[in-house]
Amino acid sequence: MEIIAKAPASCGELVEGVLDGTPFLVTAPISMYAVATVSDAFTGMHGLGAKAEEAVARTLAYIGQDSLPFGICLASEIPQGKGMASSSADIAAVAYATARSFGRELTGREIMAIAIAIEPSDGIAFGGLSHVSHTTGELFGQYGNVPLLSISIFDVGGTVDTITYYKSKGNRGNQDAAYRQLLHMVDQAFRAEGHRKEMLLGQVATGSARLNQEHLEKPHLEDFIVSAQRWGALGTLVAHSGTVVGVLWASDLQERDVVQKTLKLAAEFDGRYRYMQTVRLISGGVVCEIRP
């Protein structure tokens, strides 16, 4: 028996900020995963860090079990310390797989509650794009029919510890009006269709990226935004508590064109931004496969 649970990474967040004193974000899940496997073919824990091990323990306590009678392993392709929800994905994958081994299917809310007890958490456990508080776990809204935008991911260098960052981050100035406008634009985007939806999401991401410069500055970001737009990008999003910057391309742009434009942008910012890889924006949520 094998239970395989996949949880997505994120390329930062579509929006992140503080509104009426409450921290919030709108997720940006991508086609990069942490994969947890529970199996009766081996025993013990393999590849789990401290947070993932705690997630297993908290999940067992939540479902009323003393121990996991199977082996569990975790494999992830998500870089750590970059603001790509590596810990959130690890926690979501192992929590879901652990519960599923006892016949329980955890909801996004249940996974988020387990994650929040460990650290501030991205909302990647929720389907679609989600508007959540990453510090309390409260779900404010979800958006379906996610456009499969291409995202070219760049790294400005270094790492950020999420827990330390949120303990030190303050709400510098009152940006409530700006964040209300961005959230209104997200609502508008998901009432629109086709290119207008994608264009609005690109504008939202760029607006939030610029606002975040007051909290965690990305060097040369404005130059990068302008250059990306010159190459035809819809917008630029950032890891608000990390080091990655993503360039959003229209979902119908041919792969070869995405590659060509990305390589030219990478050459232009060589030595300042390191190109990592290109992925797709996807719907969030844990996907599970069970093999006899």
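Conventions adopted
- Residues numbered from 1 in each chain as written.
- Predicted model: local features only at pLDDT ≥ 70, side-chain atom pairs only at ≥ 80, totals over all residues.
- Heavy atoms only, no water.
- Domains from an automatic or database assignment.
- Contact = heavy atoms within 4.5 Å.
- Buried area = accessible area lost by both parts, 1.4 Å probe.
- Helix = DSSP H or I, 4+ residues; strand = E, 2+ residues; numbered from the N terminus.
- Buried < 20%, exposed > 50% of the residue type's maximum accessible area, 1.4 Å probe, protein only.
- Core = buried A, V, L, I, M, F, W, Y, C linked by side-chain atoms within 4.5 Å.

1. Some remarks on the domain arrangement of the protein chain
Consideration 1: Partitioning the protein chain into structural domains gives domain 1 (2–135 + 283–291) and domain 2 (150–280).
Consideration 2: Relative to domain 2, the C-alpha centre of domain 1 lies at a distance of 24 Å.
Consideration 3: Listed by partner, the interface residues are 29 residues for domain 1 and 36 residues for domain 2.
Consideration 4: Carbon and sulfur atoms make up 66% of the area that domain 1 and domain 2 hide from each other, which totals about 2,600 Å².
Consideration 5: On the domain 1 side of the contact with domain 2, Leu14, Glu16 and Lys82 bury the most area, a combined 25% of that side's loss.

2. Quick look at the environment of Thr159
Consideration 1: Within the fold, Thr159 resides in the loop between strand S7 (150–155) and helix H4 (162–168).
Consideration 2: Of the residues examined, Thr159 reaches a relative accessible area of 60% and is grouped as exposed.
Consideration 3: Between the C-alpha atoms of Thr159 and Thr59, which are 100 residues apart in sequence, the distance is 29 Å.
Consideration 4: When residues no more than four places from it in sequence are discounted, the contact partners of Thr159 are Gln80, Gly81 and Thr243.

3. Overview of the nonpolar core
Consideration 1: One finds Leu14, Val15, Ile30, Val94, Ile151 and Ile153 to be the most contacted residues of the largest nonpolar core, which totals 71 residues.
Consideration 2: Among the elements that take part in this core, helix H2 (residues 86–100) stands out by supplying 9 residues, more than any other.
Consideration 3: Built from parts of two domains, this core gets at least three residues from each of domain 1 (2–135 + 283–291) and domain 2 (150–280).
Consideration 4: Residue contacts for Ile30: discarding those within four places in its chain leaves Pro8, Ala9, Ser10, Cys11, Met84, Ile151, Ile153, Val279, Arg280 and Ile282.
Consideration 5: Residues Ala209, Phe224, Ala228 and Trp249 belong to the second largest nonpolar core, which totals 16 residues.

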